[in-house]
Amino acid sequence: MNPESMNESDGVMVTKLNDLMNWSRMSSLWPLSFGIACCAIEMMGSMASTYDLDRFGVFPRPSARQADVIIIAGTVTFKMAERIKRLYEQMPDPKYVISMGSCSNCGGPYWQHGYHVVKGVDRVIPVDVYVQGCPPRPEALIGAILELQKKISDEKLIGAV
Amino acid sequence: MASKWDGFIKFVGMGEVSQISEFGKILIFIITGFVLVALTLFVGKLLAPKNPNPEKLTSYECGEEPTGSAWIPFNARFYVIALIFLLFDVEMVFIIPWATVFGNHELIATDARWGKLTFIEMFVFLGILILGLVYVWRKGDLNWIRPNAEVPHTNVAVPPALYIKLNNEQSTHRVKEFSPLTQKEAAAALTNAEPVTATTTAATMLPPVRKPMFKPTFK
């Protein structure tokens, strides 16, 4: 699906419903405005004017009801894991998870002695894209958004086998 | 450009022969509005996946377990502040379209008076609002109404002079000066007062209790 062809006059565009829905879903990935630790600073930086994640339709939402993707940006403690699980459950389908930074990927620096840290957020909720780094640069988060868009573009939401 | 819409214009009646009144056009707009909203909601209902579970159906409380009722009495003093805020919120809504038209080079090029006129008009509008703000300020509506705290009083027979006397006595308390001699005397007095018995020796001979050590294990 080529968005440039939409601007041509008198053009008729034919698409499959799956492609249309995937296109609309990947073009407006609204994350939950939810940050846990220092990765959230980088997340804020990537949403602000310098990196401007709004170019990709990424626009933070204050409620889980309106969110499509939850970016786990920071250290997931056992106390927080409960909340993350609840927030994830309260998001409407289809929902995606980006695990940002070493802490949420695998526990990071708290891997060995962090008695309070969940060793990877994927033990609590299913993760779609992992971003490596401690913390990752905004470019890495933008890369993760693009990866997620690629993943969504191949999805079959209707007529899945 | 215009040829594309000819059929539509004839259909709606915007051409030479108008078959529909001006109110009819508004009716068409209203019907279109309702149909579009209904259609969008219907398509959303058709396409959206639905996987409800009890966790999802509870109210959203930033990830916390919701407790109590959401129907709690709200303080009335927020009302005035919200009303005044709304006034200036609407002011902004008016100013932004004005600002975009004000900076239009074409309109300024056609008539030099345009810029001055719109500028003065906007300041008249702002002046009225600022007058309202001054009025509200003078009337004291921006003041946060504080509840008068009632300090409890009790009638007791103890005269206040007694308390003052006690406080004075307490304030003059001094720490004894330190000297090694007095320390030794105190230690000697302590050992003499407590003769060593069999039970106390047994207690002191016990091995020290080991505190539980934290050993994290990971698989």
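Up top is the structure.
Here's what I pulled together on the structure shown here.

Cut-offs and rules
- Residues numbered from 1 in each chain as written.
- Chains lettered and ligands numbered in written order.
- Predicted model: local features only at pLDDT ≥ 70, side-chain atom pairs only at ≥ 80, totals over all residues.
- Heavy atoms only, no water.
- Helix = DSSP H or I, 4+ residues; strand = E, 2+ residues; numbered from the N terminus.
- Contact = heavy atoms within 4.5 Å.
- Areas by Shrake-Rupley, 256 points an atom, 1.4 Å probe, with all protein chains shown as cover.
- Buried area = accessible area lost by both parts, 1.4 Å probe.
- Salt bridge = Lys/Arg side-chain N within 4 Å of Asp/Glu carboxyl O.
- Phe/Tyr/Trp six-rings, centres within 6.5 Å; stacked < 30°, edge-to-face > 60°.
- Buried < 20%, exposed > 50% of the residue type's maximum accessible area, 1.4 Å probe, protein only.
- Axes fitted to C-alpha atoms, helices over the stretch in contact; angles between N-to-C directions.
- Parallel < 35°, antiparallel > 145°, perpendicular 65-115°, else oblique.
- Nonpolar A, V, L, I, M, F, W, Y, C, P; charged D, E, K, R; others polar.
- 1 Å grid on protein atoms, 1.4 Å probe; cavity = no way out; pocket = protein on both sides within 12 Å on 5 of 7 lines; lining within 4 Å.
- Points joined across faces, edges and corners; volume = space filled by probe spheres on them.
- Left-handed = near helix turned anticlockwise from the far one by under 90°.
- Core = buried A, V, L, I, M, F, W, Y, C linked by side-chain atoms within 4.5 Å.
- Lys, Arg positive; Asp, Glu negative; His and termini not counted.
- Pairing = 2+ DSSP bridges.
- Right-handed = clockwise from strand over helix to strand, strands pointing away.

1. Brief notes about the overall build of chain B
Part 1 of the reasoning: A tally of regular secondary structure across chain B gives nine helices and zero strands.
Part 2 of the reasoning: Taken from N to C terminus, the helices and strands of chain B fall in the order α-α-α-α-α-α-α-α-α.
Part 3 of the reasoning: Considering only contacts in chain B between residues 6 or more positions apart, those separated by 24 or more positions represent 51%.
Part 4 of the reasoning: When the accessible area of chain B is evaluated, it comes to approximately 20,900 Å², of which 69% is carbon and sulfur surface.

2. Looking at the interface of chain A and chain B
Part 1 of the reasoning: If you look at the interface, chain A gives 26 residues, while chain B gives 17 residues.
Part 2 of the reasoning: Together, the buried faces of chain A and chain B total about 1,700 Å²; carbon and sulfur atoms form 51% of this surface.
Part 3 of the reasoning: By the criterion of area lost to chain B, the three top residues of chain A are Arg86, Gln90 and Asp93 of chain A, representing 32% of everything that side buries.
Part 4 of the reasoning: Taken together, the links from chain A to chain B amount to four salt bridges.
Part 5 of the reasoning: Between Lys56 of chain B and Asp93 of chain A there is a salt bridge, with the nearest N and O atoms lying 2.9 Å from each other.

3. Quick word on the packing of aromatic side chains
Residue and element names in this part refer to chain A.
Part 1 of the reasoning: Under the criterion given, the structure shown has five aromatic pairs over all chains.
Part 2 of the reasoning: Look at Trp30 and Phe59: their rings are 6.1 Å apart centre to centre, the planes differ by 75°, and that puts the pair in the edge-to-face class. Taken together, the residues Trp30 in the loop between helix H1 (17-27) and helix H2 (39-47) and Phe59 in the loop between H2 and strand E1 (69-73) connect sequence positions 29 residues apart.
Part 3 of the reasoning: Since its relative accessible area comes to 37%, Phe59 is described here as partly exposed.

4. Some points on the packing of helix H4 (residues 77-102) of chain B against helix H6 (residues 113-139) of chain B
Residue and element names in this part refer to chain B.
Part 1 of the reasoning: The contact between H4 and H6 brings their axes to 12 Å, and the two run at 175°. By the angle class used here, H4 and H6 are roughly antiparallel. Residues Ile84, Leu87, Phe88, Glu91, Phe94, Ile95, Trp98, Val101 and Phe102 of H4 pack against Trp114, Gly115, Thr118, Phe119, Met122, Phe125, Leu126, Leu129, Leu133 and Val136 of H6.
Part 2 of the reasoning: Here the contact of H4 with H6 is composed, by residue class, of 16 nonpolar, two polar and one charged.

5. Details of the pattern of salt bridges
Residues and elements named next belong to chain A.
Part 1 of the reasoning: In total, this model carries ten salt bridges over all chains according to the counting rule given.
Part 2 of the reasoning: In this structure, the salt-bridge partner of Arg86 is Glu82, at a minimum N-O distance of 3.9 Å. Linking Arg86 with Glu82, this pair stays in helix H3 (residues 78-90), spanning four residues, or about one helical turn.
Part 3 of the reasoning: A residue is classified by how much of its surface remains accessible, and Arg86, at 8% relative accessible area, is buried.
Part 4 of the reasoning: Residue classification places Glu82 among the partly exposed residues on the basis of a relative accessible area of 46%.

6. Describing the layout of surface pockets
Part 1 of the reasoning: As a volume, the largest pocket reaches approximately 720 Å³.
Part 2 of the reasoning: In this structure, the largest pocket is lined by 26 residues; those nearest its centre are Arg25, Asp93 and Pro94 of chain A together with Gly44 and Ala48 of chain B.
Part 3 of the reasoning: Of all the secondary structure elements, the ones that give two or more residues to the lining of the largest pocket are H1 of chain A together with helix H2 (22-47) of chain B.
Part 4 of the reasoning: By residue number, the principal contributor to the lining of the largest pocket is H2 of chain B, which donates eight residues.
Part 5 of the reasoning: Each residue belonging to the lining of the largest pocket can be placed in one class, and the counts come to 13 nonpolar, six polar and seven charged.

7. Things to note about the packing of H1 of chain A against helix H5 (residues 138-153) of chain A
Residue and element names in this part refer to chain A.
Part 1 of the reasoning: Their axes nearest at 9 Å, the elements H1 and H5 cross at an angle of 165°. Considering the angle they form, H1 stands roughly antiparallel to H5. Relative to H5, the crossing made by H1 is right-handed. Within the contact between the two elements, H1 uses Asn22, Arg25 and Met26 and H5 uses Gln149, Ile152 and Ser153.
Part 2 of the reasoning: The residue inventory of the contact of H1 with H5, partitioned by class, reads two nonpolar, three polar and one charged.

8. Focus on the nonpolar core
Generally speaking, a soluble globular protein has its nonpolar side chains buried in company with each other.
Residues and elements named next belong to chain A.
Part 1 of the reasoning: Membership of the largest hydrophobic core comes to 20 residues, with the highest contact counts inside it found for Leu29, Ile71, Ala73, Ile98, Met100, Leu141 and Leu148.
Part 2 of the reasoning: Of all the secondary-structure elements, those providing two or more residues to this core are H2, E1, strand E2 (96-100), strand E3 (129-131) and H5.
Part 3 of the reasoning: Ranked by residues supplied to this core, first place goes to H5 with six residues.
Part 4 of the reasoning: Apart from the residues within four sequence positions on either side, Leu148 is in contact with Leu29, Val69, Tyr96, Ile98, Asp128 and Val129.

9. Notes on the side chain of Arg61 of chain A
All names here are of chain A.
Part 1 of the reasoning: Turning to its location among the elements, Arg61 is positioned in the loop between H2 and E1.
Part 2 of the reasoning: Put simply, Arg61 is tucked away with no salt bridge, and the nearest opposite charge, on Asp68, sits 8.1 Å away.
Part 3 of the reasoning: Other than its neighbours up to four places away in sequence, Arg61 contacts Trp30, Pro31, Leu32, Ser33 and Gln66.

10. Digging into the pairing of E2 of chain A
Residue and element names in this part refer to chain A.
Part 1 of the reasoning: The element E2 is extensively covered by neighbouring structure, given that five of its five residues are classed as buried.
Part 2 of the reasoning: Burial along E2 is two-sided: the face carrying Tyr96, Ile98 and Met100 and the face carrying Val97 and Ser99 are both buried.
Part 3 of the reasoning: Sheet topology places E1 next to E2; five bridges connect them, and they run parallel. What sits directly across from Ile72, in E2, is Ser99.
Part 4 of the reasoning: In the classification by handedness, the crossover that spans E1, the intervening H3 and the parallel E2 is right-handed.
Part 5 of the reasoning: Sheet topology note: the E2/E3 ladder contains three bridges and is parallel. Bridge assignment links Met100 to a residue of E3, and that residue is Val131.

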